[in-house]
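Reading the structure
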Amino acid sequence: MITVIVPSYKNPKYLSACLKSITENSIVDSTQVIAVLDGFVEMYDEVMKAHPQVNFLPLENNMGMQYAINIGVMQAETKYIFVINEDNIFPTRWDERLLQSIDKVKDKQFVMTVNQIEPTGPSMFNFPIANFGENLETFEYEKFLEKENQIASDKLTDDGHIFPFVLEKKYFMAVGGFDTFYNTPYACDWDFFLKLELFDFIFPRTHLLHVYHFGAMSTKKTLERFVFQEKEMIGLEQYQWKWGIQRSEEHTSELQSLAYLVCRLLLEKK
């Protein structure tokens, strides 16, 4: 019923931990996992050997997150696709609980956000904050699993519209997936959700399960972060141009405000 799509960029250690948590905490036989290796494939030899149950799609060249997600979704054989980050850690019985949440809205056109636990805050998306480690070396896996089960709540709220997300594969394909002309994953993210919003999708968030999110580990604390931040600003300009949004200090849209906030936070991170 569910295929997990995991794009990965030069981050084998976190991808391996992510895949381990997905597979060992899955209890639904039909669950599938596709990991798209976005270039630098030689870095992942040990990861592929360690996770034979995962379908790996190695891309010879670095094509960008948008392309990696699109090609991963195309390979999915299930009704629902679950798009996540490589630095997510999954809780126990995640697929059973996710299907339980989906069952509440399955008769509607929906894109469901899965709640995340983050180590630091405040979060601009109101994710729960609980520090079980800011990297794999300090991560307390068992404590995360215990806490996640304690705070899980069988409810949906209407404040989705963000990663990680679940929807039917046919709807992802119907809106053209992620636009690959953007220079940044953030702008194509806004673009994707806006297209679905224009088709009157609903955007629930499930609180019945939470994944742990370390946060941008492939670019954090490396020189690449400066290139990444520059692309954020370019992507914002592309987004405004595509959708006819005019920059104005007095008439800034909600999405523009979010974009500037993201860019500022990125620039302030060390």
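Scope of this entry: the structure provided in the associated data block. (Residues numbered from 1 in each chain as written. Predicted model: local features only at pLDDT ≥ 70, side-chain atom pairs only at ≥ 80, totals over all residues. Heavy atoms only, no water.)

What to know about the nonpolar core
In terms of nonpolar packing, the biggest core is built from 31 residues, with Ile81, Phe165, Leu167 and Phe192 touching the most fellow members. Elements with a contribution of two residues or more to this core: strand E2 (32-38), strand E3 (55-59), helix H3 (65-75), strand E4 (80-83), strand E8 (165-168), helix H6 (169-174), helix H7 (185-198) and helix H8 (224-243). Among the elements that make up this core, the one with the highest residue count is H7 (seven residues). Each residue touching Phe192, except ones within four places of it in the same chain, is listed here: Phe165, Leu167, Phe172, Val175, Gly177 and Phe178. Of all hydrophobic cores here, the second largest spans 29 residues; its members include Leu19, Tyr44, Tyr80 and Met112. (Core = buried A, V, L, I, M, F, W, Y, C linked by side-chain atoms within 4.5 Å. Buried < 20%, exposed > 50% of the residue type's maximum accessible area, 1.4 Å probe, protein only. Helix = DSSP H or I, 4+ residues; strand = E, 2+ residues; numbered from the N terminus. Contact = heavy atoms within 4.5 Å.)

Digging into unusual backbone geometry
A cis geometry characterises the amide bond from Gly121 onward to Pro122, with omega recorded as 5°. By the secondary structure assignment, Pro122 is in the loop between strand E6 (112-117) and helix H5 (141-151). Here the residue pair Phe163 and Pro164 is connected by a cis peptide bond, since its omega of -15° sits within 30 degrees of zero. Tracing the backbone shows Pro164 in the loop between strand E7 (156-157) and E8.

Some remarks on the side chain of Asp191
Relative to the elements of secondary structure, Asp191 occurs in helix H7. For Asp191, a relative accessible area of 0% corresponds to the buried category.

Some remarks on the packing of aromatic side chains
Tallied over the entire structure, the rule returns 28 aromatic pairs. Measuring from ring centre to ring centre gives 5.9 Å for Phe172 and Phe178, while their planes differ by 35°; the resulting arrangement is tilted. A single burial state applies to Phe172 and to Phe178, both of which are buried. Ring pairing ties together the aromatic residues Tyr14, Phe132, Phe139, Tyr141, Phe144, Tyr212 and Phe214, which thus form one cluster. The ring of Phe40 has Lys10 lying over it, and the distance from NZ or CZ to the ring centre is 4.8 Å. (Phe/Tyr/Trp six-rings, centres within 6.5 Å; stacked < 30°, edge-to-face > 60°. Lys NZ or Arg CZ within 6 Å of the ring centre and 35° of its normal.)

It is worth stressing that arrangement in space is one thing and function is another; only the former is reported here.
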